[in-house]
Structure formats: C-alpha cells, structure tokens
Amino acid sequence: MTQPINRIQNLIDALRVLPNVGHKTAQRLAFTLLKHERAGAQHLAEAITDALQHLRHCSQCYTLSDAEICTTCANSKRQAQLLCVVQSPMDQLLIKQTMTYQGKYFVISGQLNPLEGLGPTDIAMDKLLARACDGVVQEVILATHFTNEGELTAHYIAEQLLARGLRVTRLAKGVPVGSELEQVDLGTLAQAMTARR
Ligand code: ZN
C-alpha cells in the first residue's frame, strides 16, 4: 500500500532550504502561510516559479537578469571604464544601493577555497579576464568579501589583472575583517567604495 502524501511535512521540508531556517522555524512558517497568509503564500509560490522560469544570467556580467543583457550592462550612462567584481548578485545590489559607484559589474559567483577544492574555474576566471581586458575597462575594483576566502580571491584576481596592465583597487578597510558584504551596513560599504585603493 502506498503511503498517503503528507503535504504539511512536504512544505516544512521545502522551507528548510532557506538559510538559517531550522525545523522549528520551518514548522512555524508553514502553519503561518497556510493559516494566516494564504494570499501571500500563493503570491510567494507564483513569484518563485516565475523567477525560476524567467531569470537567467546576463551574458556580460553574469548577474541575474530578465533579459540577455541586464539593465546595468545596457545602461550607457554607467562608466564603462570601471568594473567592480562581486561574489554574488546580492553583493552587486548592495554596492548599487550605496550610490557611490557608477561603473559596471562582474559577478564571479563564488570564491577560491583550496580546502574545498575551489579554484580559478569556479570563479569564471577566464570570463572575467576576457571582460576586464576588453580594451575599455581601465580600473577593476575588487569587492569580494573580507573573509579569508574573499581576500584570497581578491589577491589572485589582482595578480592576474595587474599582469595584464590593468589598474586594480580593493574596497578600503573599515569593513570588519571576516565579514561578508551583506553583514556590512550601507554607510560603511559606501565609505569603503569611495576610499578604495
Ligand atoms: Zn549585466
């Protein structure tokens, strides 16, 4: 005999994919969605399905985008000689929100981590080199995390770019050591961008 589907348990299990959501939080979320937030839950389900179906990676900067080329890359008012390297679309959004940077971006979607076997191919190094050496970019700003892996990644990318004659800068310190960008408040991040060196 087949087991009946346990839909509540399915939902609880599915919610555990969210960061920092343990079993108890997942249970609370599931019952809240089903009892008090049914319209919101429907909207959430549709928004996730729609995003998964229609968002893709921009062919120039690899951030998430509705179109082949994202609005930031397509924006001719942004300074094409500046390229900011970030670890994720979320980090890109944070830098954008500081309102201190008017150049373009490149999302490497990861970081070097020798202990986990993550090397240059895991940060799309070949694509970054091709993008940075397009003849237009003059300065590359490294906005990787201030963790060991983020610093290692910045160091590696800097070496590669300096060897190709590009100017390379790094977000200024002031950002606490060991932090990921999302743990840093926008004011500090804005200062770090303005005082980059
Ligand atoms: Zn783009």
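It should be emphasised that the depicted structure is a prediction, and the values quoted were computed from it without experimental measurement. (Residues numbered from 1 in each chain as written. Predicted model: local features only at pLDDT ≥ 70, side-chain atom pairs only at ≥ 80, totals over all residues. Heavy atoms only, no water.)

Draft legend 1. How the structure looks around the pairing of strand S5 (residues 139-142). Taking every second residue as pointing to the same face, both faces of S5 are buried, with Glu139 and Ile141 on one and Val140 and Leu142 on the other. Summarising the sheet, S5 and strand S6 (residues 167-170) pair through 4 bridges and their orientation is parallel. Pairing of Val140 across the sheet is with Val168, part of S6. You can see the chain leave S5, run along helix H7 (residues 148-162) and come back into S6, and the turn it takes is right-handed. (Buried < 20%, exposed > 50% of the residue type's maximum accessible area, 1.4 Å probe, protein only. Helix = DSSP H or I, 4+ residues; strand = E, 2+ residues; numbered from the N terminus. Pairing = 2+ DSSP bridges. Right-handed = clockwise from strand over helix to strand, strands pointing away.)

Draft legend 2. Region of interest: the nonpolar core. With 19 residues, the main nonpolar core has Leu128, Val140, Leu142, Ile157 and Leu161 as its most contacted residues. Of all elements in the fold, only strand S3 (79-86), helix H6 (125-132), S5 and H7 reach the threshold of two or more residues within this core. Apart from the residues within four sequence positions on either side, Ile157 is in contact with Val85, Ile108, Ile123, Met125, Leu128 and Leu142. Judged by nonpolar contacts, the second largest core, of 17 residues, contains Val86, Tyr105, Ala143 and Ala192. (Core = buried A, V, L, I, M, F, W, Y, C linked by side-chain atoms within 4.5 Å. Contact = heavy atoms within 4.5 Å.)

Draft legend 3. A look at the pattern of salt bridges. A full pass over the atoms with the stated rule returns 5 salt bridges. The salt bridge partner of Arg196 is Glu139, with a shortest N-O separation of 2.7 Å. Here Glu139 lies in strand S5 and Arg196 lies in the segment after helix H8 (186-194), a separation of 57 residues in the sequence. Given a relative accessible area of 23%, Arg196 falls into the partly exposed group. (Salt bridge = Lys/Arg side-chain N within 4 Å of Asp/Glu carboxyl O.)

Draft legend 4. Quick look at the coordination of the zinc ion. The coordination sphere of the zinc ion contains the protein donors Cys58 (SG), Cys61 (SG), Cys70 (SG) and Cys73 (SG), at a distance range of 2.3 Å. Relative to the metal, the 4 donor atoms surrounding the zinc ion lie at angles of 106 to 115°, and the coordination shape comes out tetrahedral. On the primary sequence, the residues serving as donors to the zinc ion are separated as C-x2-C-x8-C-x2-C. Under the relative-accessibility criterion, Cys61 is labelled buried at 0%. (Donors = N, O, S within 2.8 Å, 3.2 Å for Na, K, Ca; no water. Tetrahedral: all angles 85-135°; square planar, octahedral: opposite > 155°, others 65-115°.)

Draft legend 5. Spotlight on the environment of Ala158. The topology assignment puts Ala158 in helix H7. The exposure class assigned to Ala158 is buried, which follows from its relative accessible area of 14%. When the C-alpha positions of Ala158 and Thr169 are compared, they lie 8.2 Å apart, and in sequence the two are 11 residues distant. Ignoring anything within four residues of it in the chain, the contact list for Ala158 reads Leu142 and Val168.

Draft legend 6. Structural detail: the pairing of strand S4 (residues 103-107). With respect to burial, S4 is a largely interior element, 5 of its 5 residues being buried. Regarding topology, helix H5 (residues 89-97) serves as the crossover connection from S3 to the parallel S4, and that connection is right-handed.

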